[in-house]
Amino acid sequence: MSVLDAFTELEAELEAELEAELEARRTQYHHYRDALLSFDELSKQASKQASKQASKQASKPWTTLSEVAEFKYGLTATARQEGDFRLIRITDITSAGKMSPSDARFVTSSPIAAEYLVAPGDLLVARTGATFGKTMLVVDSAPAVFASFLIRIRVDESVLLPGYYWHFAQSSAYWRQANKLVSRAGQPQFNANVLKDVRLQIPPLSEQQRIVSVLDQFDTLVNDLSIGLPAELSARRRQYEYYRDRLLTFQEAA
């Protein structure tokens, strides 16, 4: 067992190092995202480069989401194990604002269901419950519809990039507003009448794209399960499980 003990100890050390690095990168990502997207609110706390960006944006007017987007409530339907369209529910949106790859549910194609099909660039927002306000950007063209406890946002892409708004919806500036605007009588309610009052500053499209490119790289590094630090951490764990099983598997006696 000494070999397994030594391997376990080494693996634990490597995992701890990776987890610490991942947490540090997440902290850095959140700080930099807030610095880029909160403008005059967080510019004093930002890095020198981000502070310059915040200062450039401070003179831009605030825009309410209702001025640049349209909203639609989701489909009321029974989720099934099989079907033509994936049914995106609140529980399918991860805490990082991504589509969960597991526990998919579906609905059958129909003229009514087709009215709720999503397209790349759509944003889906949880409107009720403990996870109200969490926002997902649709990036996949696979046929899917959104369920009744979600609101679809379609932004005017001639003014606002969906990716820019998605990053904003993960920021402290967004969540401070969401927590003030939500109705907490019973279950928290974050409906379209509230969502339309969310305010943000919108720089030129070229600047939005620059910000999105920077933040996408951070997001991939700290949240993507196929590449980046989460993938490396997962690979370490699989490696440990593989060698542990090999060490503990013995040939049956003849």
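Note that this is a predicted model, so its numbers are computed, not measured.

### What about helix α5 (residues 172-181)?
Here's step 1: All of the buried residues in α5 are Ala 173, Tyr 174, Gln 177 and Ala 178. Each buried residue of α5 sits inside an arc of 130 degrees when the element is viewed along its axis, so together they form one side.

### A few points about the side chain of Glu 207
Here's step 1: Tracing the backbone shows Glu 207 in helix α7 (residues 205-223).
Here's step 2: Separated by 3.0 Å, the side chains of Glu 207 and Arg 210 make a polar contact.

### Digging into the sheet that holds strand β7 (residues 144-146)
Here's step 1: Reading across from one edge, β4-β3-β7 is the order of the three strands in this open sheet, with mixed pairing throughout. At either end of the open sheet lies a strand with only one pairing partner, and these are β4 (106-107) and β7.

### Overview of the sheet that holds strand β5 (residues 123-126)
Here's step 1: One open sheet holds the four strands; their spatial order is β2-β8-β5-β6, and the pairing between them is antiparallel. Looking at which strands have only one partner, the edges of the open sheet turn out to be β2 (69-73) and β6 (135-137). Within the sheet, the average angular offset between the axes of one strand and its neighbour, ignoring direction, is 25 degrees.
Here's step 2: Examined bridge by bridge, β5 and β6 share three bridges and lie antiparallel to one another. Across the sheet, the residue bridging to Val 125 is Thr 135, located in β6.

### Here we look at the environment of Tyr 73
Here's step 1: Along the polypeptide, Tyr 73 turns up in strand β2.
Here's step 2: For Tyr 73 and Ser 148, which are 75 residues apart along the polypeptide, the C-alpha to C-alpha distance reads 6.1 Å.
Here's step 3: Beyond its immediate chain neighbours, meaning those up to four positions away, Tyr 73 contacts Tyr 116, Arg 127, Phe 146, Leu 150, Ile 151, Asn 191 and Ala 192.
Here's step 4: From its side chain, Tyr 73 meets the backbone nitrogen of Ala 192 in a polar contact 3.0 Å long.

### Thoughts on the pairing of strand β8 (residues 150-155)
Here's step 1: Burial analysis of β8 places five of its six residues in the buried class, which makes it a mostly covered element.
Here's step 2: In terms of strand pairing, β2 meets β8 through five bridges, oriented antiparallel. In the sheet register, Lys 72 faces β8, and the bridge partner there is Arg 152.
Here's step 3: Pairing of β5 with β8, which is carried by four bridges, proceeds in the antiparallel orientation. Among the inter-strand pairings, Leu 123 is bridged to a residue of β8, identified as Ile 153.

### A short note on the pairing of strand β3 (residues 85-88)
Here's step 1: A two-sided burial pattern is seen for β3, the buried positions comprising Phe 85 and Leu 87 on one face and Arg 86 and Ile 88 on the other.
Here's step 2: Relative to β4, β3 runs antiparallel, the two being bridged by two bridges. Bridged to Phe 85 within β4 is Val 107.
Here's step 3: In the sheet, β3 pairs with β7 via three bridges, with the strands oriented parallel.

### Some remarks on the pattern of salt bridges
Here's step 1: One pass over the full model with this rule turns up eight salt bridges.
Here's step 2: Notably, a salt bridge pairs Asp 92 with Arg 86, separated by 3.3 Å at the nearest N-O pair. Across the pair, exposure class does not vary: Asp 92 and Arg 86 are buried alike.
Here's step 3: Here Arg 154 and Asp 122 are joined by a salt bridge, their closest N and O atoms 2.7 Å apart. Of this pair, Arg 154 sits in strand β8 while Asp 122 sits in the loop between α3 (111-114) and β5, and the two are 32 residues apart along the sequence.

Reading the values: the criteria
- Residues numbered from 1 in each chain as written.
- Predicted model: local features only at pLDDT ≥ 70, side-chain atom pairs only at ≥ 80, totals over all residues.
- Heavy atoms only, no water.
- Buried < 20%, exposed > 50% of the residue type's maximum accessible area, 1.4 Å probe, protein only.
- Helix = DSSP H or I, 4+ residues; strand = E, 2+ residues; numbered from the N terminus.
- Arc of directions from axis to C-beta.
- Polar contact = N/O pair within 3.5 Å; in protein donor to acceptor, adjacent residues only side chain to side chain.
- Pairing = 2+ DSSP bridges.
- Axes fitted to C-alpha atoms, helices over the stretch in contact; angles between N-to-C directions.
- Contact = heavy atoms within 4.5 Å.
- Salt bridge = Lys/Arg side-chain N within 4 Å of Asp/Glu carboxyl O.

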